[in-house]
Amino acid sequence: MSLYEAFPVSLTNSLTKQKEKFEPLVPGHVGMYVCGPTVYSDVHLGNVRTFMSFDVITRYFRYLGYKVRYVRNITDVGHLVGDVDEGEDKIAKKARLEALEPMEVVQKYTNGFHDVMRLFNIVAPSIEPTATGHLVEQIEFIRQLMDNGFAYEKAGSVYFNVRKYNETHHYGELSGRNVDEMLSNTRNLTGQDQKEDPLDFALWKKAEDGHLMHWPSPWSEGFPGWHLECSAMSTKYLGTTFDIHGGGMDLKFPHHEAEIAQNKGCNHEGGAQYWLHGNMLTVNGRKMAKSEGNGFTPEELLTGNHKLLERGYSAMTVRFFMLMSHYGSTLDFSNEALQAAEKGYKRLTAGLMLLDKLPPAGTGTTDLKKSEALKALADQALTNMSDDFNTSKTLASLFEIVGKINTFYQNPSEIAQIDTDSWDYVTQHFSGIIKDVLGLTVETEATGNNQLLDGTLNVLIELRKHAKFSQNYELSDKIRDDLKAVGVQLKDEKGGGMSYNID
RNA sequence: GGCGCUGUGGCCGAGUGGCUAGGCAGAGCUCUGCAAAAGCUCGUACAGCGGUUCGAAUCCGCUCAGCGCCUCCA
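Residues numbered from 1 in each chain as written. Chains lettered and ligands numbered in written order. Predicted model: local features only at pLDDT ≥ 70, side-chain atom pairs only at ≥ 80, totals over all residues. Heavy atoms only, no water.

**Regarding the pattern of salt bridges**
Right, on to step 1. A complete count under the given rule lists 20 salt bridges for this structure.
Right, on to step 2. Residue Lys-465 pairs with Glu-462 through a salt bridge whose shortest N-O separation is 3.7 Å. Of this pair, Lys-465 and Glu-462 both sit in helix α18 (residues 451–469), 3 residues apart, which is roughly one turn of the helix.
Right, on to step 3. Exposure remark for Glu-462: the relative accessible area of 40% places this residue in the partly exposed category.
Right, on to step 4. A salt bridge links Arg-464 to Asp-492; its shortest N-O distance comes to 2.8 Å. One end of the pair, Arg-464, is in helix α18; the other, Asp-492, is in strand β14 (residues 488–492), and 28 residues separate them in sequence.
Right, on to step 5. With relative accessibility at 1%, the residue Arg-464 sits in the buried group.
Right, on to step 6. For Asp-492, a relative accessible area of 35% corresponds to the partly exposed category.
Right, on to step 7. A single network of salt bridges, built from pairs that share partners, joins Lys-19, Asp-387 and Lys-393. (Salt bridge = Lys/Arg side-chain N within 4 Å of Asp/Glu carboxyl O. Helix = DSSP H or I, 4+ residues; strand = E, 2+ residues; numbered from the N terminus. Buried < 20%, exposed > 50% of the residue type's maximum accessible area, 1.4 Å probe, protein only.)

**Here we look at the domain arrangement of chain A**
Right, on to step 1. Structurally, chain A comprises domain 1 (24–278), domain 2 (303–437) and domain 3 (445–502).
Right, on to step 2. One C-alpha centre belongs to domain 1, the other to domain 2, and the line joining them spans 37 Å.
Right, on to step 3. Opposite the 20 residues of domain 1 that make contact, domain 2 presents 26 residues.
Right, on to step 4. With both chains or domains summed, domain 1 and domain 2 bury close to 1900 Å², and 68% of this area falls on carbon and sulfur atoms.
Right, on to step 5. The three residues of domain 1 that bury the most area against domain 2 are Arg-49, Tyr-60 and Tyr-63, which together make up 39% of that side's buried surface.
Right, on to step 6. For Arg-319, the salt bridge identified is with Asp-55, shortest N-O distance 2.8 Å.
Right, on to step 7. Our enumeration of links across domain 1 and domain 2 arrives at 11 residue pairs in polar contact (both at pLDDT 80 or more).
Right, on to step 8. Listing elements by their share of the side of domain 1 that touches domain 2, those giving two or more residues are α2 (45–63) and β10 (271–278).
Right, on to step 9. Top contributing element to the side of domain 1 that touches domain 2 by residue count: α2, with 11 residues.
Right, on to step 10. Residues that form the side of domain 1 that touches domain 2 fall into these classes: 13 nonpolar, 4 polar and 3 charged. (Domains from an automatic or database assignment. Contact = heavy atoms within 4.5 Å. Buried area = accessible area lost by both parts, 1.4 Å probe. Polar contact = N/O pair within 3.5 Å; in protein donor to acceptor, adjacent residues only side chain to side chain. Nonpolar A, V, L, I, M, F, W, Y, C, P; charged D, E, K, R; others polar.)

**Remarks on the sheet that holds strand β11 (residues 281–283)**
Right, on to step 1. Strand order in the open sheet formed by 3 strands is β12-β11-β13, and the pairing between neighbours is mixed. In this open sheet, the two edge strands, each paired with only one partner strand, are β12 (286–287) and β13 (331–333).
Right, on to step 2. Across 3 bridges, the pairing between β11 and β13 is parallel. Within β13, the position partnered with Thr-282 by the bridge is Asp-332.
Right, on to step 3. Along the sheet, helix α11 (residues 315–323) contacts β11 and β13; its crossing angle with β13, the most-contacted strand, is approximately 145 degrees. (Pairing = 2+ DSSP bridges. Axes fitted to C-alpha atoms, helices over the stretch in contact; angles between N-to-C directions.)

Pasting the structure below:
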């Protein structure tokens, strides 16, 4: 029996607003599409949260034994600037400001995005398609929509006919709206006179004079509209129907709603079976966003060089911090919470490292009850992950195992009572979940590999052992205190051993 | 205005109709030359007011507070 059969996944489907059992279209395989970043500026920590959430989801599916095709796009064209620069492309605008070629902007921020993903140990998607690389597919998609009667051309631009679509479908099924209510609430935007209806959205926009990014099409020299790329690329790589579509909560409307309409209008199928939405990272209760001025970049986070930050925090601390909450809940950023997370993360990874120092299990009389109880903790961790990827509950289970590990370290007689099969099972999943699923790496490993530092510290430790043995506590305390002052913490262990930790 | 969400002990944050979340901080104890770490124990919580129920923080209603989307947005 495979792991995914033993621990069947259930997830909250935004489409039905219910928690459902996950049943992939193709047994043993998962196709997932997640909306990636628009590469016209640096990503901030709020962006990172969403990608981290779907990173954990991907990792967990793979851990369970699924083959996952994870598609996450790069939006390098097509999102229009909303206000004054009506109709101008965000990336084109930025290019002019920075006096760069548009693709130079794209490349710069794409590279930056990848650096950030690596920093937070977020696995690369199986396919990372770009909008500019799929213009042929998008044009074909528009053509099909026009053939099906859901799109019309006006002065070189093509629009999706929401009213027409809504006659046979429900525009608003994902976001819980309906067309009639929306009509009375639509703002009067300028520059929309070409549309037949304010609800309609652009599939193709004719480029104005001076517009930097444009491509030929049957309708005009122009560029694709806001929502098209995701429909075209998910269909190309995952099919007209696929398992999961993910993205940030703020994309639900209109982006994802439009995507569904495009998919159904073109393919007669609605794309994803399950829609997953990651919630926002907030600061003082407000969404972290560039426009709010409350966003900071990962670099500022590490250095602490931002007015919201009391000091810097490591990438793994932040990763742990984000894992403490459920992806579907808002998470509020604060220095207190980060500092608490830092210690929690250290406690967890300390347990992980202690595993290697533990005496072997099963050397005494096996206590079946204790063995089973321990094993149950590992099962619990997996059950919690399968319950809508509840990393928060999973961490709680893992911390219970940490407590056991610490106890075993202090009382070897306890671990002797655990049968080896149970112990292997627990340790395998304990470290597997931490490293492979949660994607937490042990940050102190780097210093452990520094042989010069390690050797030097061992000299000092030997000195202190001598001092301590001869009851020269003044000297032994001085060594300990002075090392502490430079960030190295010595710990006396039972039996006269000493170990060190680097903060 | 429309649609939706949240309000948990000092802080962060899970959660289910009755059974321990967990992390951080705090108190006591054990261990220890002293520390640190670790282990054990503890506090006491579910915005307010009603209702349903044998029983609700968990379901329903109202009130208050806050947030998201409706415009690019993870």
